[in-house]
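Coordinate analysis (summary)
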Amino acid sequence: MAERKIMGYSVHREILDEGAVDEMAEKSDSKTSLREKVKKSVRCSGPRAKECLLTSVPVVSWLPRYSLKENALGDLISGLSVGIMQLPQGMAYALLAAVPPVFGLYSSFYPVLIYFIFGTSKHISIGTYAVMSVMIGGVIERLAPDSDFMEWDNLTNETIINITNRDAERVKVAAAVTLLSGIFQILLGLVQFGFVVTYLSEPLVRGYTTGAAIHVIVSQLKYTFGINPKRYSGPCALIYTVLEVCFLLPKTNIGTLVVSIVAIVGLILAKELNSYLSKKLPIPIPVELLGVVIATVVSWQVDLENKYKVDVVGLIPSGLQPPALPDVSLFGKVIGDAFALAVVGYGIAISLGRIFALKYGYSVDSNQELIALGLSNSVGGIFQCFAVSCSMSRSMVQESTGGKTQVAGALSAVVILFITLWIGYLFEDLPKAVLAAIIFVNLHGMMKQFMDIPALWKSNKVDMLVWLVTFILTVLLNPDLGLAASIGFSLLTVIFRTQLPKYSLLGQIPGTDIYRPLEDYSQVRPVPGILIFRSSATLYFANAEMYQESLGKKSDIDITKILSAKKKLEAKRKRHEMKIAKKAAKKNAVHTEGEPEMEVQKDIAIIEVDAEPSPSLPRAIILDLSPVNFLDTVGVKTLRRIRGDYGEIGVEVVLAGCQTGVVDNLQSGGFFNDKVTKSCLFSTVHDAVLYCQSSRTGIVDKETYF
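Small disclaimer: the values here were computed from a predicted structure and weren't measured. (Residues numbered from 1 in each chain as written. Predicted model: local features only at pLDDT ≥ 70, side-chain atom pairs only at ≥ 80, totals over all residues. Heavy atoms only, no water.)

**Quick look at the nonpolar core**
So the rule is basically this: Note on terminology: a nonpolar core comprises buried Ala, Val, Leu, Ile, Met, Phe, Trp, Tyr and Cys residues joined through side-chain atoms within 4.5 Å. Three labels apply to residues, based on accessible area from a 1.4 Å probe with only protein chains included: buried if under 20% of the type maximum, exposed if over 50%, partly exposed otherwise in between. Each helix is a run of DSSP H or I of at least 4 residues and each strand a run of E of at least 2, with the numbering of both proceeding from the N terminus. Any two residues whose heavy atoms approach within 4.5 Å are treated as being in contact.
The biggest cluster of nonpolar side chains holds 110 residues, and the ones touching the most others in it are M91, V99 and I136. The greatest single-element share of this core, amounting to 15 residues, is contributed by helix α15 (residues 331–360). Those residues within four positions of V99 in sequence are excluded, and the remaining contacts are A94, I140, R170, V171, A174 and F386. Counting residues in each nonpolar core, the second largest holds 50 residues, with A544, L639, V651 and F672 among its members.

**Some details on the packing of aromatic side chains**
What counts, and what does not: Two rings from Phe, Tyr or Trp (for Trp, the six-membered ring) form a pair when their centres sit within 6.5 Å of each other. Planes less than 30 degrees apart are called stacked, planes more than 60 degrees apart edge-to-face, and all others tilted. Here, a charge over a ring means that NZ of Lys or CZ of Arg falls within 6 Å of the ring centre while also lying within 35 degrees of the ring normal.
Inspection of the entire model under this criterion finds 16 aromatic pairs. Ring centres of F184 and F339 lie 5.5 Å apart, and the angle between their planes is 90 degrees; on these two criteria the pair is classed as edge-to-face. Of the two residues, F184 sits in helix α9 (residues 163–190) while F339 sits in helix α15, which places them 155 residues apart along the sequence. Looking at F339, the relative accessible area reads 36%, which means it is partly exposed. Ring plane angle 85 degrees and centroid distance 5.3 Å describe the contact between F671 and F672, whose orientation is recorded as edge-to-face. In this structure F671 comes out as buried when scored by relative accessible area, which is 2%. Note on F672: relative accessible area 16%, which makes it buried. An aromatic cluster of three or more residues is present, and its members are F109, Y110 and F383. Note that K461 overlies the ring of W457, its terminal NZ or CZ placed 4.6 Å from the centroid.

**A closer look at unusual backbone geometry**
Even without being a glycine, Q192 presents a positive backbone phi close to 60 degrees. With respect to the helices and strands, the residue Q192 is situated in the loop between α9 and α10 (202–225). Phi at D556 takes a positive value of approximately 60 degrees, unusual for a residue other than glycine. Within the secondary structure, D556 is located in the loop between α23 (544–555) and α24 (559–587). For D556, a relative accessible area of 72% gives the class exposed.

**Considering the pattern of salt bridges**
The test is simple: The term salt bridge refers to a pairing of a side-chain nitrogen on Lys or Arg with a carboxyl oxygen on Asp or Glu at a separation within 4 Å.
If you walk through the whole model with that rule in mind, you get 13 salt bridges. Of the charged contacts in the structure, one is a salt bridge between E141 and R170, with a shortest N-O distance of 3.2 Å. In this pair, E141 sits in helix α8 (residues 130–143) while R170 sits in helix α9, placing the two residues 29 residues apart along the sequence. Comparing E141 with R170 shows no difference in burial state: the two are buried. R170 is paired through a salt bridge with D146; the nearest N and O atoms lie 2.9 Å apart. You can see R170 sitting in helix α9 and its partner D146 sitting in the loop between α8 and β3 (150–153), a full 24 residues away along the chain. According to the relative accessible area criterion, R170 is buried, its value standing at 4%. The structure contains a network of salt bridges with shared partners spanning E141, D146, R166, D167 and R170.

**Considerations on the pairing of β3**
Heads up, the condition is: Any two strands with at least two DSSP bridges between them are considered paired.
Taken together, the 4 bridges between β3 and strand β4 (residues 158–161) define a ladder with antiparallel strand orientation. Looking across to β4, one finds that W152 is bridged to T159. Between the end of β3 and the start of β4, which pair antiparallel, lie 4 residues, with N157 showing a positive phi angle near 55 degrees.

**A few points about the packing of α10 against helix α22 (residues 461–499)**
Note the cut-off: Angles here are taken between N-to-C directions and fall from 0 to 180 degrees, while the axes themselves are lines fitted to C-alpha atoms, restricted in helices to the stretch in contact. Note on terminology: angles under 35 degrees are roughly parallel, angles over 145 are roughly antiparallel, angles of 65 to 115 are roughly perpendicular, and the others are oblique. Each crossing gets its hand from how the near helix is turned against the far one by less than a right angle, where anticlockwise is left-handed and clockwise is right-handed.
At a minimum axis distance of 8 Å, the contact between α10 and α22 shows a crossing angle of 45 degrees. Classified by the angle between their axes, α10 and α22 sit oblique to one another. α22 is crossed by α10, and the crossing has right-handed handedness.

**Looking at a positive patch on the surface**
Which entries qualify depends on this criterion: Patches draw on residues past 30% relative accessible area with no salt bridge. Two like charges within 9 Å are joined, as are two nonpolar side chains (Val, Leu, Ile, Met, Phe, Trp, Tyr) within 5 Å. Computed with a 1.4 Å probe, the accessible areas rest on the Shrake-Rupley method; for each residue, only the protein chains presented here act as cover. When charges are tallied, Lys and Arg are placed among the positive residues and Asp and Glu among the negative ones, while His and the ends of the chain are skipped. Note on charges: their place is set at NZ of Lys, CZ of Arg, CG of Asp or CD of Glu.
A cluster of like positive charges, contributed by R35, K39, K40, R43 and R48, occupies part of the molecular surface. For K40, a relative accessible area of 57% gives the class exposed.

**What to know about a nonpolar patch on the surface**
On the surface, a cluster of nonpolar side chains totalling about 800 Å² of accessible area is made up of L273, Y276, L281, I285, L290, I294, V298, V302 and Y308. A per-element tally of the nonpolar patch places helix α13 (residues 287–302) first, with 4 residues. Here Y308 lies in helix α14 (residues 304–308). For Y308, a relative accessible area of 44% puts it in the partly exposed group.

**With respect to the environment of L465**
Within the element layout of this structure, L465 appears in helix α22. It is 9.2 Å that separates the C-alpha atoms of L465 and S490, two residues lying 25 residues apart in sequence.

**What to know about the sheet that holds strand β6 (residues 503–508)**
Taken in spatial order, the 6 strands of this open sheet run β7-β6-β8-β9-β10-β11, and their pairing is mixed. Sheet topology places β7 (515–517) and β11 (681–682) at the edges, where each strand pairs with a single neighbour. Direction of pairing for strand β9 (residues 620–624) relative to strand β10 (residues 652–656): parallel, over a ladder of 5 bridges. Pairing of I621 across the sheet is with V653, part of β10. Strands in contact with helix α26 (residues 633–648) are β9 and β10; relative to β10, the strand with the most contacts, it is inclined by about 150 degrees.

Now the structure itself:
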């Protein structure tokens, strides 16, 4: 371990209270009015219009400066690799969203192009995402369940599902919730609400995505076993679904189960081989694409659908869907789900975007990202897509294969367009069990997040609790309600932590101007006659009463008892004076004028002894407010009450370490008056200590040395 270099410093200045600091630093009282702020925001000029255009449409700023020599080859390889990944993932995640697989391809095309124009991240891959898909699937199953499309078949004399009508209605619901979530994102971006993602802490996001992954796995079990369980909605729906699947296990389609097992094992082995050869290969092996191609060929040759009743993708129409405005009447039914989708999709995208931005040294505009995602989803909703976000796996491939700009994303969209227009029909014989297997294998990264629990146990138990509660709420309440409940719980932990701060008495490190908690350091010494009190949290209505109680406990001063005794003594003195006055009136001034006064003095002599404070009390209390970042009206009243109550028993109370905003809160809250000025506020604890020491001795030394 290297020796610590010791350097000394010396400061010689006057003791400074807040008023002196304001005067010395020439504090400015001028504040910009709301009218001026609005006027400035709407003012337009040539440079401002150009800046607005470049900020709103980022592609205009970077595409003209695009370097073909440096970026073209990497973006081309990256775009082709991501496009190949988009094909199986788009079709698989469409099953999660309970819509036909081809709509997963549409969702991998339109939103990607829109983000290419309006996005600010260079590396994230926009498109279908498992968590978003399962959330949409929950909405669709609630509003368009199979039971609404049951029809009687005269040929078989049994009830069947009208799949054509069901899928058409489900696409309408998906488009409606996608458009509305996009509108929410645009509005939040326009009002500069990008900071909303700060309420999604990393433990919350990871616990939430892990819980959502459990929903994804359970929703795909029907394709793995070839069964048709009922789809439940509402709280505990996942538990009911698991029980239903267990009940139907005896009816498992053996052919489907064999396909699932072979696909899962094959994909896992291929991915492990991919990881082993990653340093030797210029681009990763397209494992999912190879699996889809092989499975489609085998299914076509063996005729799995007819011989073994294996469910396949079915009709994949060539071409693109014409734009159509979603059914507005559905908006009222999906407004809560749309907002949850907007927040979750943005939270995942901005989190991943910031990781890449930090790694490669550029910035991501959080509000512009909201608008970009909102436009992607809004346009996607008009073209019958479902809500998108960014995928960790695709983003990692886009980055690792040399992608340096969103040109790679645009090229991946071109790949999807080619597949959709010309070769999509070739995948009609693809077993759905293979798509479910692709989903299972791609979720292994989320399953590894369970390892967060022991790591968080060692580092921060509150964060571990947030992770666990978020996971449990997401599993039990479904992703939409689970998210809202998890955010509420996370905010409660913050409130509880501010309600249960650490209260400390500070002492001085000998020979320095540094003050530390007495209970944490053995060499820290209390300042004689001065009590220095600090709370680790801000002071507001939720902990104001506890702040005052803790001050009493730490100082060992029962201020309520002392003030009560003093008031009783004062009342006793007044009653005695009135009694003496009445006696004097009756005697008609027979005695001399001094005698009653002597009698009064004799009777109340014990009361007048309390004019001097008790030697057991500190001469001054310093409240260190350096951790406080704001004060509400209750906090200001608490400080005013503390100063008044302790002042009545002869203990001076001063404040130290107040931030500028806290001083403004004191000013606006009515803390200062003719008797209480900024002279009781000090910039540092050491200034306050020197002031209290000098005022106690009666010699006010206006200079401080340390």
